[in-house]
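Residues per chain are reported as follows:
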Amino acid sequence: MTVRNRANPLALAILCCLQERPMHPYEVAQTLRSRAKHESIRLNYGSLYSVVEGLAGRGLIQPQETVREGKRPERTVYAITALGIRELSDWLSELVSTPSKEYLRFEAALSLLPGLPPDEALDLLRLRANALELRLRQSEAAHALAHDQGLPRLFMLENEYGDALLRAELDFVDALVTDLENGKLDGLDEWRGWYVDEASTRQWFPTDATGSPTEENKK
């Protein structure tokens, strides 16, 4: 039986919860939310139940019992299987050890930035820098408070990583804004020219004499 289907980190989070003890799906969701894992992993109840069914279908978890609390509907408690424990270990090890390409929205926007006039792009980048700085300050304050309240660093590593990414992005955007303001961005004059003459041809990548991408830009 093939168990390798590692596109959804919510499945991994469910396996981690069930490694602690058997739970029903609603309890898994509450556990993840109480630990703020929804800040790092997309979580909604509808998708969670679908993922639970998928894990059960692959033999990674199995129903253990059905319980009822008061007038609430019956809930199925799931336990992780031996196969699920192996998959959890293999999957988490892969994520920790092996970098992978992630298609970020801002990366896509930067690759298509010439689709906006330079001055408009500059204004938008300034807005992004302000938003990043505000988000970083709020995040750092929240994490400092959690630390002061005794939460060990082990349980804030994803937040620490997130702050590092925010700082790196803010530094990049600030530097890009400065280069645009000072006219130091290579290719800026050509970019401006596209929007001075609306009839001009906008060639986003250097071409050879035939109009084909240069060998360098084919790579």
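Since the structure is predicted, the reported quantities are computational estimates derived from the model, not experimental observations. (Residues numbered from 1 in each chain as written. Predicted model: local features only at pLDDT ≥ 70, side-chain atom pairs only at ≥ 80, totals over all residues. Heavy atoms only, no water.)

S.K.: Help me out: how do you make sense of the pattern of salt bridges in this one?
M.R.: Two side chains that carry opposite charge are able to pair once their charged atoms sit near each other. Evaluated as defined, the whole model comprises 13 salt bridges. Between Asp-119 and Arg-192 there is a salt bridge, and its shortest N-O distance comes to 3.1 Å. Pair noted here: Asp-119 is in helix H6 (residues 118–148) and Arg-192 is in helix H8 (residues 188–196), with a separation of 73 residues, a long-range link. A salt bridge links Glu-181 to Arg-126; the nearest nitrogen and oxygen atoms lie 3.0 Å apart. (Salt bridge = Lys/Arg side-chain N within 4 Å of Asp/Glu carboxyl O. Helix = DSSP H or I, 4+ residues; strand = E, 2+ residues; numbered from the N terminus.)

S.K.: Would you explain the side chain of Asp-163 in this entry?
M.R.: Relative to the elements of secondary structure, Asp-163 occurs in helix H7 (residues 157–182). Ignoring sequence-local partners within four residues, the contact set of Asp-163 consists of Leu-136, Ser-139, Glu-140 and His-143. (Contact = heavy atoms within 4.5 Å.)

S.K.: How should I be thinking about the packing of helix H2 (residues 25–34) against helix H3 (residues 45–57) in this particular structure?
M.R.: To describe two helices that pack against each other, one gives the angle between their axes and the distance between the axes. Following both chains from N to C, one finds H2 and H3 inclined at 125 degrees, their axes separated by 10 Å at the closest point. With respect to their mutual orientation, H2 and H3 come out oblique. Handedness of the H2/H3 crossing: right-handed. Between H2, through Pro-25, Tyr-26, Val-28, Ala-29, Gln-30 and Arg-33, and H3, the contact on the second element is made entirely by Tyr-45, Leu-48, Tyr-49 and Val-52. Across the contact of H2 with H3, the residue classes tally to eight nonpolar, one polar and one charged. (Axes fitted to C-alpha atoms, helices over the stretch in contact; angles between N-to-C directions. Parallel < 35°, antiparallel > 145°, perpendicular 65-115°, else oblique. Left-handed = near helix turned anticlockwise from the far one by under 90°. Nonpolar A, V, L, I, M, F, W, Y, C, P; charged D, E, K, R; others polar.)

S.K.: I'm lost on the nonpolar core in this one. Help?
M.R.: Proteins that are soluble and globular tend to have nonpolar side chains buried together. In this structure, Leu-10, Ile-14, Leu-18, Val-28, Leu-48 and Leu-55 are the most contacted members of the largest nonpolar core, which totals 24 residues. Elements that contribute at least two residues to this core include exactly helix H1 (9–20), H2, H3, strand S2 (75–80) and helix H4 (82–97). No other element matches the eight residues that H1 contributes to this core. With residues near it in sequence (within four places) discarded, Val-28 still touches Ile-14, Cys-17, Leu-18, Met-23 and Leu-48. Counting 18 residues, the second largest nonpolar core, distinct from the first, contains Leu-125, Leu-166, Leu-170 and Trp-194. (Core = buried A, V, L, I, M, F, W, Y, C linked by side-chain atoms within 4.5 Å. Buried < 20%, exposed > 50% of the residue type's maximum accessible area, 1.4 Å probe, protein only.)

S.K.: Help me out: how do you make sense of the packing of aromatic side chains in this one?
M.R.: For any pair of aromatic rings, the description consists of the separation of the ring centres together with the inter-plane angle of the planes. Under the counting rule described, the total for this entry stands at one aromatic pair. Ring plane angle 20 degrees and centroid distance 5.8 Å describe the contact between Tyr-26 and Tyr-45, whose orientation is recorded as stacked. With Tyr-26 in helix H2 and Tyr-45 in helix H3, the pair connects residues that are 19 residues apart, well separated along the chain. Here Tyr-26 falls in the partly exposed class, since its relative accessible area comes to 31%. By relative accessible area, which is 30% here, Tyr-45 ends up partly exposed. We note Lys-101 situated over the ring of Tyr-103; from NZ or CZ to the ring centre the distance is 5.3 Å. Note that Arg-128 overlies the ring of Phe-106, its terminal NZ or CZ placed 3.8 Å from the centroid. (Phe/Tyr/Trp six-rings, centres within 6.5 Å; stacked < 30°, edge-to-face > 60°. Lys NZ or Arg CZ within 6 Å of the ring centre and 35° of its normal.)

Just distances and angles here, no functional claims.
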